[in-house]
Amino acid sequence: MASAALELMGFFLGLLGMLGTLVATVLPYWQISAHIGSNIVTAVANMRGLWMECVYQSTGAFQCETYNSMLALPADLQASRALMVISLVLSILAIALSALGMQCTLCLEGSGTVKSRVAGAGGGLFVAAGFLALIPVAWTTHEVVQTFYRPNVPASMKFELGECLYVGLASALVTMLGGGMLCVSCCDEQDGGRGRRHGGGYPYPVGGGISGAGIRTTSQTYRNPTMQVGGTSTGGRGQTLVRSTSGSSGTSMHGVQGAKKPTAAGYDITGYV
């Protein structure tokens, strides 16, 4: 139950991080013009993003112009575009895999550990997507800070950190956190040795014996979890139900009294095959 809640939390954190990465990729608020020194006029604000450059005027006019040529862009801007797009693609794949592998879904039921491994793979993709989104954000932040403190750069050419950098940083961290939670829940479930299909089922220890020539018997013990172990049984004696079959006669059920009292209250069901 705890692993299922951890998976849900990791999934929603990864989804939230993917949405934040999408917003940071599309909007142009990566760099905002700095109003310092002689550039103290705030009537016009310049903004740069990965795909366009915008100008906001105090009159309320907002104009944007996309970059004309992709090959003419700086290498760092091209790399930032590619990394953010790859991060979004990995996030979409991670959402699909996580939805297939989580315990709350009915997909891949009856496949054993494959379902948990699919969820773990989705968590790994979330971690990779968050790391790829973190690279261009950190890279752009470093360039903006270094350019701002260079004395030979004019004040009109200096920029400050935009809102998209903060959103991208938070989204990358949230995405990696969600992916890590999915991976941890998968590892915990595999280490615990519990199956995904019947987490609350009853154990059935299987024993075997041979009662005669040519007849194969199997024995299974069912212990009622509601009865006290080691305490006083209700009937005072154990009950053994024997089911025997033959080629010509029918099936008969015999209750054998006086059997040895088991260590825990339960029923010993022996079937002849």
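Please read all numbers here as calculations on a predicted model, not as lab measurements.

*Asks:* Just to check I follow, could you spell out the overall build of the chain for this structure?
*Replies:* What the chain contains, in helices and strands, is four helices and 10 strands. Taken from the N to the C terminus, the helices and strands of the chain come in the order α-β-β-β-β-α-α-β-α-β-β-β-β-β. Considering the chain as a whole, with its 273 residues, one finds that 30% of them fall into the buried category. Considering only contacts within the chain whose residues lie at least 6 apart along the sequence, 63% involve residues at least 24 apart.

*Asks:* Please explain the pairing of strand β3 (residues 52-57) as it appears in this structure.
*Replies:* Regular strands show a simple pattern: their side chains alternate between the two faces of the sheet. One ladder, built from five bridges, connects strand β2 (residues 44-48) with β3; its direction is antiparallel. Counterpart to R48 in the pairing with β3 is E53. Linking β2 back to β3 in an antiparallel pair, the connection comprises three residues. Direction of pairing for β3 relative to strand β4 (residues 62-66): antiparallel, over a ladder of five bridges. Its bridge partner lying in β4, Y56 is registered against F62. As consecutive antiparallel partners, β3 and β4 are separated by four residues, and within that stretch G60 has a phi angle of approximately 105 degrees, a positive value.

*Asks:* Which parts of the structure should I look at to understand the UniProt feature "transmembrane region" (unreviewed entry) in the chain?
*Replies:* Per the UniProt record, "transmembrane region" (unreviewed entry) is found at residues 12-30, 82-106, 118-139 and 165-187. This span, residues 165-187, is 100% helix and 0% strand, and a straight line between its end C-alpha atoms measures 33 Å.

*Asks:* Looking at this model, I keep getting lost on the environment of A43. Mind explaining?
*Replies:* With respect to the element layout, A43 can be found in the loop between β1 (31-33) and β2. Taking relative accessible area as the criterion, A43 reaches 31% and is therefore assigned partly exposed. As a C-alpha pair, A43 and G60 span 17 residues in sequence and 9.9 Å in three-dimensional space. With residues up to four places along the chain from it excluded, the contact list for A43 reads Y56, Q57 and S58.

*Asks:* Explain the side chain of T25 to me, please; I cannot follow it from the model alone.
*Replies:* In this fold, T25 is placed in helix α1 (residues 2-26). For T25, a relative accessible area of 4% gives the class buried. Within the local environment of T25, its side chain forms a polar contact with the backbone oxygen of T21, the two atoms lying 2.7 Å apart. T25 has contacts with L50, W51, M84 and L88, leaving out every residue within four places of it along the chain.

*Asks:* I tried to follow the sheet that holds β3 on my own but got confused; where do I start?
*Replies:* Sheet strands associate in pairs through backbone hydrogen bonding, adopting either a parallel or an antiparallel arrangement. Taken in spatial order, the five strands make up an open sheet running β4-β3-β2-β1-β5, and their pairing is antiparallel. A strand with exactly one partner marks an edge of an open sheet, and here the two such strands are β4 and β5 (159-161). Averaged over all pairs of adjacent strands, the angle between their axes in this sheet comes to 25 degrees, without regard to strand direction. Where β1 and β2 come together, two bridges link them in antiparallel fashion. Residue I32 lies in a different strand from β2, and its bridge partner there is M47. Sheet contacts for helix α3 (residues 113-148): β1 and β5; angle to β5, the most-contacted strand, approximately 140 degrees.

*Asks:* I keep staring at the nonpolar core and nothing clicks. Help me out?
*Replies:* A general tendency of soluble globular proteins is for nonpolar side chains to be buried together. With 11 residues, the main nonpolar core is built from A24, W30, L50, L73, L77, M84, A133, V137, C164, L165 and A172. Of all the elements in the fold, those that place two or more residues in this core are α2 (75-101), α3 and α4 (163-192). If you look at the next biggest cluster of nonpolar residues, it comprises eight residues, including F11, L88, A94 and L182.

*Asks:* How do you make sense of the pattern of salt bridges when you look at a structure like this?
*Replies:* Two side chains of opposite charge can pair, provided their charged atoms sit close to one another. One pass over the structure, following the stated rule, counts one salt bridge. One salt bridge connects R48 with E53, and the closest N-O pair in it is separated by 3.6 Å. R48 gets classed as partly exposed once you look at its relative accessible area, which sits at 28%. The exposure class of E53 is partly exposed, given its relative accessible area of 32%.

*Asks:* Got a minute to help me understand the state of the cysteines in this structure?
*Replies:* By definition, a disulfide links the sulfur atoms of two cysteines through a covalent bond. The full count for this structure, using the stated rule, is one disulfide. Here C54 engages in a disulfide with C64; their sulfurs sit 2.0 Å apart. With the S-S dihedral at roughly 105 degrees, the linkage between C54 and C64 falls on the right-handed side. Within this pair, whereas C54 is found in strand β3, its partner C64 is found in strand β4, the two being separated by 10 residues in sequence. The exposure class of C54 is buried, given its relative accessible area of 0%.

Thresholds applied
- Residues numbered from 1 in each chain as written.
- Predicted model: local features only at pLDDT ≥ 70, side-chain atom pairs only at ≥ 80, totals over all residues.
- Heavy atoms only, no water.
- Helix = DSSP H or I, 4+ residues; strand = E, 2+ residues; numbered from the N terminus.
- Buried < 20%, exposed > 50% of the residue type's maximum accessible area, 1.4 Å probe, protein only.
- Contact = heavy atoms within 4.5 Å.
- Pairing = 2+ DSSP bridges.
- UniProt positions renumbered as here; feature names shortened; annotations may be inferred.
- Polar contact = N/O pair within 3.5 Å; in protein donor to acceptor, adjacent residues only side chain to side chain.
- Axes fitted to C-alpha atoms, helices over the stretch in contact; angles between N-to-C directions.
- Core = buried A, V, L, I, M, F, W, Y, C linked by side-chain atoms within 4.5 Å.
- Salt bridge = Lys/Arg side-chain N within 4 Å of Asp/Glu carboxyl O.
- Disulfide = S-S within 2.5 Å.

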